[in-house]
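# Structural overview for review
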Amino acid sequence: MSQADTAKAAVRPVSPLWTFGLLRSELTTTFRRWRTLALLAVLAGVPVLVGIAVKIETGDGSSPGGGGPAFISQITNNGLFLVFTALAATLPFFLPMAIGVVAGDAIAGESNSGTLRYLLVAPAGRSRLLLTKYATVVIFCLAATLVVAVSALTVGALLFPLGDLTTISGTRIGFAEGLGRALLIALAVAASLIGVAALGLFVSTLTGSGIAAMATTVGLLITVQILDQIPQLHALQPYFFSHYWLSFADLMREPVYWDDLAKNLGLQALYAAVFGSAAWARFTTKDITA
């Protein structure tokens, strides 16, 4: 940005209403992209494929095999378990990959298309724009998770019976309480992705290529999850952002086991703080030429 542009932006008042308008504009732009719609369609398709596969396998009255995502053996008894199974199936790769793509493109994509400089001429300021970008990615985390959950609930209701369900602890809870647990699990899964969102945003500030930022973020996701499976790294694994992702299963215990859930939320908050601060430090001192 030129000094004249900077001075012009500095004297313009910034109202909360304008900030809300910026967020609304970012959300509209993000969710109207064909890439975003394709990612959501893939996420919605995973529960469909899992549900159909289980239905075909159990068509002769047999139980599904013991392998596969958690809760899969319970789907034929209660379609609500398809929600838990679908989230367990998408969390290790599909959901974080989608978040990595959106977060990685947040700043680098604007720079690559030549629109970042013009965004900063508006009375946003770098900090406000970065925060708006991060809020957009976090909202996408929630939307993507809910797409999986709603798709799974719909398919589960169409293909399997619904009713009271048995928790991991062996106790029975009503269907309404089961729906409440499903919503809590979806929120826990969405919260598990805020660290990835901050990491992707930081990577996005390091380059002017949206494709490079997206590829780097997804590559880091895969690398960390591979490292999380190596026994020799057990001392480091509790600090990997993916280590406690599947702790949402503890919400299906009676009573709920909160320890790993709390560790997961604390770890995600730490990653969000560290990489969010790094993104801010980089973005606020970066020369914007495009």
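Relevant structure appears above.
Residues numbered from 1 in each chain as written. Predicted model: local features only at pLDDT ≥ 70, side-chain atom pairs only at ≥ 80, totals over all residues. Heavy atoms only, no water.

## Concerning the overall build of the chain
Here is the rule: Working definition: helices are DSSP H or I runs of at least four residues, strands are E runs of at least two. Numbering for both runs from the N terminus. Relative accessibility decides the category of a residue: with a 1.4 Å probe and only protein chains considered, values under 20% of the type maximum give buried, values over 50% give exposed, and everything between is partly exposed. Contacts are assigned to residue pairs with any non-hydrogen atoms lying within 4.5 Å of each other.
Scanning the chain for helices and strands turns up eleven helices and two strands. The N-to-C order of helical and strand elements in the chain reads α-α-α-α-α-α-α-β-β-α-α-α-α. Within the span of the chain, comprising 290 residues, buried residues form 44% of the whole. The contacts in the chain between residues at least 6 apart in sequence include a share of 76% that link residues at least 24 apart.

## Some remarks on the nonpolar core
What counts is decided by this rule: Joining through side-chain atoms within 4.5 Å is the link that ties buried Ala, Val, Leu, Ile, Met, Phe, Trp, Tyr and Cys residues into a set, and such a set is a nonpolar core.
Of all hydrophobic cores here, the largest spans 75 residues; its most connected members are Ile75, Val83, Phe84, Ile99, Ile185, Phe241 and Phe248. The element best represented in this core is helix 7 (residues 126–159), accounting for eleven residues. In this view, Phe248 contacts Phe71, Phe84, Leu87, Ala88, Leu91, Ile185, Ala188, Val189 and Leu261; residues no more than four positions away in its chain are not counted.

## Concerning the environment of Leu199
With respect to the secondary-structure elements, Leu199 resides in helix 9 (residues 194–206). Along the chain, Leu199 and Ala272 lie 73 residues apart, while their C-alpha atoms are 7.4 Å from each other. In contact with Leu199, other than residues within four places in its own chain, are Leu220, Phe241 and Phe275.

In short, geometric facts, not functional conclusions.
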